[in-house]
Amino acid sequence: MISEAGLSFNLIQTERQNHARELVQGLSLREWDGIVTVSGDGLLYEVLNGLLDRPDWEEAMKTPLGILPCGSGNALAGAVNQHGGFEQALGIDLLLNCSLLLCRGGCCPMDLLSVTLASGSRCFSFLSVAWGFVSDVDIQSERFRALGSARFTLGTVLGLATLHTYRGRLSYLPATVEPASPPPALGLPRAKSELTLAPGPAPPVAHSPLHRSVSDLPLSLPQAALTSPGSPEPLPILSLNGGVPELAGDWGGAGDAPLSPDPLLPSPPGSPKTALLSPITEGAPEMPASSGLLLPTPDGDPAAISTGGPADDLLPPLGTPLPPGWVTLEGDFVLMLAISPSHLGADLVAVPHARFDDGLVHLCWVRSGISRAALLRLFLAMENGSHFSLGCPQLGYAAARAFRLEPLTPRGVLTVDGEQVEYGPLQAQVHPGLGTLLTGPSGRPGRES
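Residues numbered from 1 in each chain as written. Predicted model: local features only at pLDDT ≥ 70, side-chain atom pairs only at ≥ 80, totals over all residues. Heavy atoms only, no water.

Some details on the overall build of the protein chain
Selection criterion: Here a helix means four or more residues in a row that DSSP labels H or I, a strand means two or more in a row labelled E, and each is numbered from the N terminus. Each residue's exposure class comes from its accessible area (1.4 Å probe, protein chains only) as a fraction of the maximum for that residue type: buried when under 20%, exposed when over 50%, partly exposed otherwise. Values of accessible area rely on a 1.4 Å probe in the Shrake-Rupley scheme; residue burial ignores everything except the protein chains shown.
Counting its secondary structure elements, the protein chain contains eight helices and 14 strands. For the protein chain, buried positions account for 56% of its 449 residues. As presented, the protein chain carries roughly 18000 Å² of accessible surface, and 57% of it is formed by carbon and sulfur atoms.

Right, dumping it as structure tokens:
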């Protein structure tokens, strides 16, 4: 499909954890029209933070970024699929839809979160910050990565069986205008029926060949070359390991075993996971058998943090009082989720009205007192984005421009874009339109790419 669209590409595969981050730090970006990862969400996290590590990060962040989903979560791809007007899709249908949108061309500004961790280090997020049930399931299901997206189903079942509550304090700077939910889209194309390259006139986007010189690659290049038909020179491949249930009327925890307020969870220092990368890549490559393993980064790994990027003008230093106008919630929580796009997974619509460029971080939380059955109903309803209409009293939501999270439970798991980070207080603010996302044309009435 990509070759028929006249796009040339080079395919690179990562060799190790943070390899993608290193590669983009040394790229001659003027030789590229964009960077596309063939992966889950974790690899784009590496690429994004690598670009923001560059001395020329302001110019580097103008480089459009895209994703072709070959991971287990594929949350950003699910949001791109919805933005393009397609019905919810998984697996090969989602990959084909995203490939088609990539071929049609078109970009959208993408808001990013700068996240300051307890140590003072900073990383950037395009997806989510999670604490509690969501992060527990994400990290503890890594051992089931071979199951693909089914790992989250199994992880959710196990998480419900050992459900914990967490004492904490959530503070946020409310958005000046609360976002309004858009009307439901009608007539979305089915995944397979739209898979043609020219169903209508495409926007006038020029696609010059994407190429790079061998000198851009600081690593040995022992393998045979693989290029697209239009590439100016062969590029050696780097070796790699690299429907909603009705409510039963019981939202409380009656009949459930008491929830433990002090989960025995590990709290290693945070670092990005090993993930799959293709900075500029073709369709649907085979996934290496050894890919997807999670290897912890030693404490203090400089590759795990970002040193560049814009200043956080809305945030005082961690540990200092918050300015007037902030709202603070304190209590026992089952989960807290700060999310930028609409999707938490390819088939989990966490915030249906969220947009890539709405300038907001969407805060969702579930307080203690919810039963396991009720929590399961929330996640089942999230498959079509109807969970806010269930009337669950423990479920809360707020649109914000910045937030601070202070865990008061001594052990737990925090994740940024699915990557485990150091446990402790953190804070984040939205930087509107800091990134550029390859989305293809919008398929939603009244929306532009």
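Having seen it, we continue.
A few points about the pairing of strand 4 (residues 122-125)
What counts, and what does not: Two strands qualify as a pair provided DSSP detects at least 2 bridges between them.
A two-sided burial pattern is seen for strand 4, the buried positions comprising R122 and F124 on one face and C123 and S125 on the other. As paired elements, strand 3 (residues 107-116) and strand 4 share four bridges and run antiparallel to each other. Each bridged residue has a counterpart across the sheet, and for V115 the counterpart in strand 4 is C123. Here strand 3 folds back onto strand 4 in antiparallel fashion, the turn holding five residues, of which G120 has a positive phi close to 95°.

Considerations on the confidence of the model for the protein chain
We apply this condition: Summary of the metric used: pLDDT quantifies the predictor's per-residue confidence within the range 0 to 100. Between two residues, a contact is recorded if the distance between any of their heavy atoms is within 4.5 Å.
Counting all residues, the mean pLDDT for the protein chain is 75, and 67% of those residues have values of 70 or more. Note that pLDDT drops below 50 for residues 182-250; the model gives that stretch 155 contacts with residues more than four away or on any other chain.

Digging into the environment of N81
As for its position among the elements, N81 is in helix 4 (residues 75-83). A relative accessible area of 2% places N81 in the buried class. Those residues in contact with N81 that sit more than four places away from it in its chain are F86, E87, Q88, A89, L94, N97 and L101.

Here we look at unusual backbone geometry
It is generally the case that most residues other than glycine have a negative phi and that most peptide bonds are trans. Despite not being glycine, N18 shows a phi value in the positive range, around 65°. Secondary-structure assignment places N18 in the segment before helix 1 (19-26). Assessed through its relative accessible area of 3%, N18 is described here as buried. Here the phi dihedral of D417 falls at roughly 55°; this positive angle occurs in a residue that is not glycine.

Considering empty space enclosed by the protein
Note the threshold: In this analysis the probe radius is 1.4 Å and the grid spacing 1 Å, with only protein atoms considered; a cavity is a set of points the probe fits into but cannot get out of, a pocket is an open set with protein on both sides within 12 Å along at least five of seven lines, and lining residues have an atom within 4 Å of a point. Grid points are joined across faces, edges and corners, and a volume is the space filled by probe spheres set on the points. Each residue gets one of three labels, nonpolar for Ala, Val, Leu, Ile, Met, Phe, Trp, Tyr, Cys and Pro, charged for Asp, Glu, Lys and Arg, and polar for the others, Gly among them.
In this structure, the largest cavity occupies an estimated 120 Å³ of space. Forming the walls of the largest cavity are 13 residues, and the residues nearest its centre are L335, C364, F379, M382 and L395. For the lining of the largest cavity, the secondary structure elements donating two or more residues are strand 7 (327-339), strand 10 (361-367) and helix 8 (372-381). Looking at which element gives the most residues to the lining of the largest cavity, the answer is helix 8, with three residues. Class assignment of the residues belonging to the lining of the largest cavity gives a composition of 12 nonpolar, one polar and no charged.

Some words on the pattern of salt bridges
Filter applied, for reference: We define a salt bridge as a side-chain nitrogen of Lys or Arg found within 4 Å of a carboxyl oxygen belonging to Asp or Glu.
Going through the model one piece at a time under the given rule, you end up with 11 salt bridges. Its salt-bridge partner being E330, residue R167 comes within 3.9 Å of it at the nearest N-O pair. A relative accessible area of 37% places R167 in the partly exposed class. Owing to a relative accessible area of 40%, E330 belongs among the partly exposed residues under this scheme. Across the pair D332 and R167 runs a salt bridge, and its minimum N-O distance is 3.5 Å. Exposure remark for D332: the relative accessible area of 29% places this residue in the partly exposed category. Residues joined in a network through salt bridges with shared partners are R167, R169, E330, D332 and E406.

Let's talk about the nonpolar core
Just so we agree on the cut-off: In this text, buried Ala, Val, Leu, Ile, Met, Phe, Trp, Tyr and Cys residues form a nonpolar core when linked through side-chain atoms within 4.5 Å.
Ranked by internal contacts, the top residues of the largest apolar core, which has 77 residues, are L51, V115, F126 and F403. With 25 residues, the next largest nonpolar core counts V137, L344, C364 and L390 among its residues.

Focus: the packing of helix 1 against helix 2 (residues 41-53)
For clarity, the cut-off: Orientation is described by axes fitted as lines to C-alpha atoms, over the contacting stretch for helices, and by angles from 0 to 180 degrees between their N-to-C directions. The sense of a crossing depends on the near helix, which, turned anticlockwise from the far helix by less than a right angle, makes the crossing left-handed and, turned clockwise, makes it right-handed.
Two elements in contact, helix 1 and helix 2, have axes whose closest approach is 8 Å; the angle formed by their N-to-C orientations is 35°. The crossing of helix 1 and helix 2 is right-handed. Contacts between helix 1 and helix 2 involve H19, A20, R21, V24 and Q25 from the first element and L43, E46, V47, N49, G50, L51 and D53 from the second. Of the residues in the contact of helix 1 with helix 2, the class split is five nonpolar, four polar and three charged.

Observations concerning the packing of aromatic side chains
Cut-off, in case you're wondering: Working definition: a ring pair exists when centres of Phe, Tyr or Trp rings (six-membered ring for Trp) sit within 6.5 Å. Plane angles under 30 degrees give stacked, over 60 give edge-to-face, the rest tilted.
For the structure on display, the rule yields five aromatic pairs. Aromatic pair F388 and Y397: ring centres 5.6 Å apart, planes at 70°, arrangement edge-to-face. Under the relative-accessibility criterion, F388 is labelled partly exposed at 33%. Put simply, the rings of W131, Y166 and F333 touch in pairs and so form one group of aromatic residues.

Some words on the packing of helix 4 against helix 5 (residues 91-104)
How we decide: Under this scheme an angle from 65 to 115 degrees is roughly perpendicular, one under 35 degrees roughly parallel, and one over 145 degrees roughly antiparallel; angles in between are oblique.
One way to put it is that helix 4 packs onto helix 5 with a least axis distance of 10 Å and a crossing angle of 60°. As summarised for this structure, helix 4 and helix 5 are arranged oblique, according to the angle between their axes. As for the relative orientation of helix 4 and helix 5, their crossing is left-handed in sense. Across the interface between the two elements, A77, G78, V80 and N81 from helix 4 touch L94, N97, C98 and L101 from helix 5.

Considerations on helix 2
Residues spaced three or four apart along an α-helix face the same direction, because each turn holds 3.6 residues. Threshold: Multiplying 1.5 Å by the helix residue count minus one yields the expected span of that helix.
Over its 13 residues, helix 2 runs 19 Å from end to end, which matches the ideal 18 Å to within 8%, given 1.5 Å per residue. Counting buried positions over the 13 residues of helix 2 gives 13, a clear majority of the element.

Things to note about the environment of L160
Mapping L160 onto the fold places it in helix 7 (residues 150-161). Note: C-alpha distance between L160 and V137 (23 residues apart in sequence) is 9.3 Å. Leaving out residues up to four positions away in the same chain, L160 has contacts with F133, R372, L375 and L376.

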